[in-house]
Amino acid sequence: MFQIVEAAKVCEKTYHFKVEAPRIARSCEPGQFVVVRLDEVGERFPLTIADYDRESGTIDLVVQIVGASSARMCELKTGDALMDVIGPLGNPSDFVTEPIEEVKKVRKLFIAGGNGTAPVYPQVRWYKEHGLECDVIIGAKNKDFIFWEEKMKAVATNLYVTTDDGSYGRNGMVTKVLEDLIAEGKEYDSVVAIGPMIMMKFVCLTTKKYDIPTIVSMNPIMIDGTGMCGACRLLVGGEVKFACVDGPEFDGHLVDFDQAMKRTVQYKTQEGRALLKYQEGDTHHGGCGNCGGDE
Amino acid sequence: MAAPGMERVPVREQDPLVRAKNFDEVCLGYNAEEATEEAKRCLNCKNAQCVTGCPVHIDIPKFVKEIADGDPEAAFQTLSASSSLPAVCGRVCPQETQCEGKCIRGIKGDPISIGKLERFAADYAREKGIKPAKCETKNGKKVAVIGSGPAGLSCAGDLAKLGYDVTIFEALHAPGGVLTYGIPEFRLPKDAVVQPEIANMAHLGVKIELDVVVGKSTTIDQLMEDEGFDAVFVGSGAGLPMFMGIPGEQALGVFSANEYLTRSNLMKARLEEYDTPMPESKKAVIVGGGNVAMDAARTALRLGAETHIVYRRSEAELPARAEEVHHAKEEGIQFNLLCNPVEILMDENGWVRGITCIRMELGEPDESGRRRPVEIPGSEFEIECDTVIMSLGTSPNPLIASTTPGLDVNRKKCIVAEEATGVTSKEGVFAGGDAVTGAATVILAMEAGRNGAAGIHEYLSKK
């Protein structure tokens, strides 16, 4: 069992958990993820490591409610436990293993969309800890979905916050901010974009125009996360890659996003049914298209 | 009418039409009376060939005689001296090509049902709560075993019996490796058979730490330098599933057999109370002809799908055990032999709607000695289906090799290890099973585990 030492809501539908996982905290690096299982009947699902403390042996996870399992996880409180936390899985971000002199030469921009703030944070923190500069854009639907702004501000050289509806920070999608920054004279040699697949796709289309190499972090359906099941396969540059062992970070200009987005709907109806069943329990009376309650 | 003693005592099985709709074990095994009668057919050869056919060299005439004498407990201890998983091996070993294949009785009649007798003795011991004999004196040396599949369990069991302090590190949340995530319930019951065999490991003093991915959570070097392990055995198993690289393979409804079986077995997705979703299929096509393909097909069938196997060679070349093929056919699985997929067809939403195959004929033998299948031009045809399960084998998992400096891999990325001892290129590190050979069988992995244990014992005895 993995003890939750801290649980808190950070913004709309989004919760932060600090979890005791000493082996993982000792060895994880920015860019890596864990696979979590809540309890005996729970499914295994991947979550990017949002922060870690090697001393206290804890890792931080940020979860947004999207289906039955995330909804169940978000009900857990301080003092509860997760049955399984497996990791760190996947490869660290490239800059972690590259010579620092090389990394220093690259003018870096991180773009976090929605829940993407969580996986971007440890990367930006790594930059700060290594005395390097980088800019960060955080974008969300509206102000209710912005979190960790102060935390990010403390480690980013420049932080730009934007909302799609203009309810907070700048007005517009992250791609607009990116274009505005470039128009304002900012120059970047490398972009890291993490967030919903559709957001990463459009960031990549934008950076392609400016010819800026772009790394994305893929978070497909996964079971074991160790290279056994093959559920997380993606097409990257026309080749089959496994997000768990070849990724999760890939060259965004080579990722086939349309195909990857299609694959995420594989279990959508089943997950929707599971979420309804979970939320409504015995009071469930239709709407799932399955139980016959609509007739 | 055959001469008395020429035919084996038949084993009871669930009716094919009944079992095609449930996950209960297919083979019901012998009762005491049947086992004794079958055991009495054994000629008790002085120069027993069956033992030479057994990868872990069980003293077969001895345990069979003990059953014939009405002492299944003694038979279990004889089995346990050579095997850590007799209840598993009695069920999943390919006996027809091993012990039973060498049985003298088999020349003129049926060979002794050694596998079913092994199963009987192991099941008897479990039901009566009889445990394998353990070593009471510890030698104070620590060995780490990576992976709790057949290779790791067998290695750990042997080392514990020699007095070593053994810890198994398992990447998944449940122990057993392929016995747990791969082989289905109807062939190898989990709660009734696999878990008790693993519990016997704890009885021998073996510790199992779950959720530890060696190569990620920790490394072999860290285990040896920081955690004080004197030797490490790598039994991490096979790895990434292979795909064909044909158009449409990314369609929704295309799975690797590993994923399909892991969902059903490890995650129990087929049961309502578990959260993991299971693909819902009306008509499933399984590509491949090995044991894993049979397992996936028979699982899909039990979940209600009309099920087809597509295999590019003929029946004679099916790599699956004869018994599995026989069972699959009895249950109503349709075999499309000598044909090979060329494209997976999708509907407008990206879901599988069918598979186009081409007919094959057998040409000259290839390097594996099997006749090479050759396409017959213009013979393409479609099979309508909503699920395709690719069961084409696996390629080695890179996690350990890539994080262990000094551990050599071969051209196929398998770990290089000496067969008889498990010795690798890195001092103190031994390896065996699918991680070394590529995908093979449970018993061959167990043999490699035993060899590794012998190699580690020799290495640490000299140290």
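Counting starts from 1 at the beginning of each chain's written sequence and moves along it residue by residue. Numbering of ligands from 1 and lettering of chains from A proceed in the order in which they are written. In keeping with the predicted nature of the model, local features appear solely for residues at pLDDT of at least 70, side-chain atom pairs appear and are counted solely at 80 or more, and the whole-chain, interface and lining totals rest on all residues. Processing note: side-chain calculations cover all non-hydrogen atoms of the structure and skip hydrogens and water entirely.

A. Up close: the sheet that holds strand E16 (residues 249-251) of chain A. Residue and element names in this part refer to chain A. With mixed pairing, seven strands are arranged side by side in an open sheet as E11-E10-E9-E8-E12-E13-E16. The open sheet terminates on both sides in strands that have one partner only, identified here as strand E11 (170-171) and E16. As defined by bridge partners, strand E8 (residues 108-113) adjoins strand E9 (residues 135-140) across five bridges and the pair is classed as parallel. In the strand pairing of E9, Ile111 is matched with Ile137. Contacts are assigned to residue pairs with any non-hydrogen atoms lying within 4.5 Å of each other. Every axis in this analysis is a line fitted to C-alpha atoms, fitted for helices over the stretch in contact. Angles between the N-to-C directions lie between 0 and 180 degrees. In this text, helices come from DSSP runs of H or I with a minimum length of four residues, and strands from runs of E with a minimum of two, each type numbered from the N-terminal end. The strands touched by helix H5 (residues 117-129) within the sheet are E8, E9, strand E12 (190-194) and E16, with E8 carrying the most contacts at an inclination of about 155 degrees. Two strands make a pair as long as DSSP finds a minimum of two bridges between them.

B. Expanded view of a negative patch on the surface. All names here are of chain A. A grouping of Glu12, Asp144, Asp164 and Asp165 is seen on the molecular surface, where their side chains present a negatively charged patch. Checked against the element boundaries, Asp164 lands in the loop between strand E10 (158-163) and E11. Accessible area is worked out with a 1.4 Å probe on protein chains only. A residue is then buried under 20% of its type maximum, exposed over 50%, and partly exposed in between. A residue is classified by how much of its surface remains accessible, and Asp164, at 37% relative accessible area, is partly exposed. Surface patches are defined over residues having more than 30% relative accessible area and no salt bridge, joining like charges when they lie within 9 Å and nonpolar side chains (Val, Leu, Ile, Met, Phe, Trp, Tyr) when within 5 Å. Here the accessible surface of atoms and residues is derived via Shrake-Rupley with a 1.4 Å probe, and residues count as covered only by protein chains that are part of the display. When a carboxyl oxygen of Asp or Glu lies within 4 Å of a side-chain nitrogen of Lys or Arg, that pair is called a salt bridge. Charge counting follows a simple rule: Lys and Arg are positive, Asp and Glu are negative, and His as well as the terminal groups are ignored. The atoms used to mark charge sites are NZ of Lys, CZ of Arg, CG of Asp and CD of Glu.

C. Summary view of the pairing of strand E6 (residues 231-234) of chain B. Residues and elements named next belong to chain B. Of the two faces of E6, the one carrying Ala231 and Phe233 and the one carrying Val232 and Val234 are both buried. Here E6 runs beside strand E18 (residues 429-431); their pairing, made up of three bridges, is parallel. Counted as the bridge partner of Phe233 is Phe430 from E18.

D. Just the environment of Ile344(B), in detail. All names here are of chain B. In this structure, Ile344 sits in strand E12 (residues 339-346). According to the relative accessible area criterion, Ile344 is buried, its value standing at 2%. Between the C-alpha atoms of Ile344 and Ala316, which are 28 residues apart in sequence, the distance is 26 Å. Those residues in contact with Ile344, other than ones at most four positions away along the chain, are Ile246, Pro247, Gly248, Glu249, Ala251, Val254, Val352, Gly354, Ile355, Val388 and Met390.

E. How the structure looks around unusual backbone geometry. Following Gly87(A), the chain continues to Pro88(A) via a peptide bond in cis, the omega torsion being -5 degrees. Considering the arrangement of structural elements, one finds Pro88(A) in strand E7 (residues 84-89). One non-glycine residue, His57(B), lies in positive phi territory at about 55 degrees. Mapped onto the secondary structure, His57(B) falls in the loop between helix H3 (49-53) and helix H4 (60-68). Even without being a glycine, Lys268(B) presents a positive backbone phi close to 55 degrees. Along the chain, Lys268(B) falls in the loop between helix H14 (257-265) and strand E9 (283-287).

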